[in-house]
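Per-entry structural report
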Amino acid sequence: MPETTGTAAPLIELDHASQVFHVKGEDLPAVSEVSLSVDQGEVLCLVGESGSGKTTTARLAAGLAAPSSGAVRYRGRDLAEMSRAERREYRRAVQYIHQDPYASLNPIRSVRGTLSIPLRRHGLARCAADVDARVDELLSTVDLTPPESYSAKFPHQLSGGQRQRVSVARGLTLSPKLLIADESTSMLDVSIRVSLLNMFTRLRKEDGVGFIYITHDLALAKYFAWEGRTAVMYLGRIVEVGPTPQIIANPQHPYTRALLEAVPEPDPELAARKKAGGGLLSAEIPSLAALPTGCTFHPRCPLAEDRCRASVPQLLPAPGARQDVACMVVTDPADPAAPAEAASGAGGGRP
Ligand SMILES: Nc1ncnc2c1ncn2[C@@H]1O[C@H](COP(=O)(O)OP(=O)(O)O)[C@@H](O)[C@H]1O
Ligand SMILES: [Mg+2]
């Protein structure tokens with residue numbers, strides 16, 4: 001990976017970042033060697049089943065946890081080496097919107113109280129009238145209208161969807177440069193979700209805000225990140241990453257294909273492609289405490305060969321496609337060491 005410094009550096013960059021949790025004497029590698037970057041005005045969608053490491057990756061990008069190894073950089077500056085002033089700027093510029101508004105909103109604080117704290121802390125509102133005006137504006141932005149019906153309310157007086165919108169409004173208080181939205185629309189009705197995602201898109205296009213959008217739902221990735229990239233995570237690793245339309249229409253990793261098969265597809269052409277993917281051998285996700293050797297997906301994989309049990313696949317360009325994929329059967333189908341039967345089976349299964 002090239003060294004990135006100065007103005008050419010991406011907004012945020014994870015460089016082989018890993019996070020290992022230690023629980024009851026066991027090491028849990030929640031995130032392993034994740035490299036990704038997001039530029040101004042770009043959207044990167046992280047998808048994967050529950051437990052695949054999406055939130056842990058988001059927390060690393062948001063500086064809420066330090067990586068066990070590897071680096072996280074904001075505009076080329078390693079978070080671990082930032083001065084207080086740089087850290088303050090980064091804290092303001094990068095906002096994480098929690099996936100669970102029940103856990104992240106203080107129950108004894110009104111909506112106005114929640115939104116006013118960051119405004120005051122960062123000197124963006126000097127008097128009560130400033131705060132009121134900005135709070136009203138933020139509530140209108142997230143469709144909590146009229147704002148005066150919401151600003152005096154406490155979290156327990158709001159529905160799940162309304163709390164989630166308060167969380168989003170709080171993420172917007174400091175006019176961030178990068179928003180990390182962790183399943184932030186999961187509790188919303190479809191129409192409200194669409195209006196929030198359209199608002200995010202406006203922020204991206206008009207103000208150049210970068211997004212890391214996290215979801216377990218590929219249909220949402222397709223809607224929000226069609227002009228951006230999607231990274232598919234499995235057991236803490238990115239297994240496939242590339243332009244979203246390529247990931248959706250021409251998935252290369254057997255895991256991505258299985259995820260896509262779980263999404264109902266009204267488009268008959270895409271539905272036919274999905275059928276070509278082949279099913280998983282097992283529905284069970286292995287434990288992080290006892291990861292399979294080699295490619296951790298091999299016990300579930302319809303394409304698995306002997307070599308998949310022996311070595312960890314690297315993310316490499318998929319032949320004839322525009323994305324990177326961590327599957328040696330896909331990136332190196334003609335491996336002379338592989339049994340002829342398995343190699344030809346792998347090639348034949350691809351769309
Ligand atoms: N603070 C923690 N301590 C121990 N294990 C954790 C902690 N946070 C997350 N994990 C574990 O790390 C894995 C990834 O979790 P997470 O990043 O929340 O995944 P996702 O957001 O994709 O559902 C899970 O197995 C989870 O149980
Ligand atoms: Mg999560």
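Above this text sits the structure in question.
Described below are features of the structure shown in this document. Not measured: the values here are computed from a predicted model. (Residues numbered from 1 in each chain as written. Chains lettered and ligands numbered in written order. Predicted model: local features only at pLDDT ≥ 70, side-chain atom pairs only at ≥ 80, totals over all residues.)

**A few points about the overall build of the chain**
Note the cut-off: Helix and strand definitions here come from DSSP, where helices need a minimum of 4 consecutive H or I residues and strands a minimum of 2 consecutive E residues; each element is numbered from the N-terminal end. Burial is judged by counting other C-beta atoms within 10 Å of a residue's own C-beta: 20 or more means buried, 12 or fewer means exposed, and anything between counts as partly exposed, with every C-beta placed from the backbone. By the convention adopted here, residues make contact when the C-beta atoms placed from their backbones lie within 7 Å.
A count of helices and strands for the chain gives 14 helices and 12 strands. Of all 351 residues assigned to the chain, the portion counted as buried reaches 43%. Here the contacts in the chain between residues at least 6 apart in sequence split such that 62% fall between residues at least 24 apart.

**Some details on the pairing of strand 2 (residues 26-38)**
Defined as follows: DSSP calls a pair of strands paired once it identifies at least 2 bridges connecting them.
Strand direction decides the pairing type here: strand 1 (residues 12-23) and strand 2, joined by 9 bridges, are antiparallel. For Leu14, the partnering residue across the bridge sits in strand 2 and is Leu36. If you look at the hairpin formed by strand 1 and strand 2, you'll find 2 residues sitting between the two strands, and Lys24 has a positive phi there, around 45 degrees.

**Comments concerning the site of ligand 1**
Under the convention used in this document: Using a C-beta atom placed from the backbone for every residue, we mark a residue as near a molecule or strand if that atom lies within 6 Å of it. Polarity classes work like this: nonpolar for Ala, Val, Leu, Ile, Met, Phe, Trp, Tyr, Cys and Pro, charged for Asp, Glu, Lys and Arg, and polar for all others, with Gly in that last group.
What surrounds ligand 1 is a group of 13 residues, the closest being Phe21, Ala30, Lys54, Thr55 and Thr56. Sorting the residues of the shell around ligand 1 by element identifies strand 1, strand 2 and helix 1 (54-61) as the ones contributing at least two each. With 3 residues, helix 1 is the single largest residue contributor to the shell around ligand 1. Across the shell around ligand 1, the residue classes break down as 5 nonpolar, 7 polar and 1 charged.

**Description of the nonpolar core**
Selection rule: Only buried Ala, Val, Leu, Ile, Met, Phe, Trp, Tyr and Cys residues enter a nonpolar core, and they are joined through C-beta atoms within 7 Å. The start and end points of each domain follow an automatic or database-based domain assignment.
With 85 residues, the main nonpolar core has Cys45, Ala61, Ile180, Ile212, Tyr213, Val232 and Val239 as its most contacted residues. Looking at which domains feed residues into this core, each of domain 1 (6-249) and domain 2 (254-351) gives three or more. Filtering out sequence-adjacent residues up to four positions away, Cys45 remains in contact with Tyr213, Thr215, Ala221, Phe224, Ala225, Gly228, Thr230 and Thr244.

**Details of the packing of helix 4 (residues 111-121) against helix 5 (residues 128-141)**
Selection criterion: Only the stretch in contact is used when fitting a helix axis, every axis being a line fitted to C-alpha atoms; angles between N-to-C directions are given from 0 to 180 degrees. In this scheme, roughly parallel covers angles under 35 degrees and roughly antiparallel covers those over 145, while 65 to 115 is roughly perpendicular and the rest are oblique. Crossing handedness follows the turn of the near helix against the far one: under a right angle anticlockwise gives a left-handed crossing, and clockwise gives a right-handed one.
At a minimum axis separation of 10 Å, helix 4 and helix 5 run at an interaxial angle of 115 degrees. What the angle tells us is that helix 4 and helix 5 run roughly perpendicular. The handedness of the crossing between helix 4 and helix 5 comes out as right-handed. Note on element contacts: helix 5 touches helix 4 through Val131, Arg134, Val135 and Leu138, opposite Arg112, Leu115, Ser116 and Leu119. For the contact of helix 4 with helix 5, the residue count by class is 5 nonpolar, 1 polar and 2 charged.

**Let's talk about the pairing of strand 1**
Where strand 1 lies against strand 4 (residues 69-74), 5 bridges are found, and the strand directions are antiparallel. In the strand pairing of strand 4, Ser18 is matched with Ser69.

**A closer look at the sheet that holds strand 2**
Pairing in this open sheet of 4 strands is antiparallel, and the strands run 2-1-4-5 from one edge to the other. This sheet does not close on itself; its edge strands, each paired only once, are strand 2 and strand 5 (77-78). Relative to strand 5, strand 4 runs antiparallel, the two sharing 2 bridges. Of the residues in strand 5, the one forming a bridge with Tyr74 is Arg77. Those strands touched by helix 1 are strand 1, strand 2 and strand 4, and its axis lies near 120 degrees from that of strand 1.

**Some details on the sheet that holds strand 8 (residues 210-215)**
Here 8 strands make up an open sheet; going across it, the order is 6-7-8-3-9-10-12-11 and the pairing mixed. Across the chains shown, the open sheet's two edge strands, defined by having one partner strand only, are strand 6 (94-97) and strand 11 (316-317).

**Focus: unusual backbone geometry**
For the bond from Thr145 to Pro146, the omega torsion is -5 degrees, close enough to zero to count as cis. Locating Pro146 in the fold gives a position in the loop between helix 5 and helix 6 (160-172). Residue Lys24 is not a glycine yet carries a positive backbone phi of 45 degrees. Note on placement: Lys24 falls in the loop between strand 1 and strand 2. The exposure class of Lys24 is exposed, given the 6 C-beta atoms found within 10 Å. Positioned with a positive phi, Leu235 is a non-glycine residue whose angle comes to about 45 degrees. Note that Leu235 resides in the loop between strand 9 (229-234) and strand 10 (237-243). Of the residues examined, Leu235 has 24 C-beta atoms within 10 Å and is grouped as buried.

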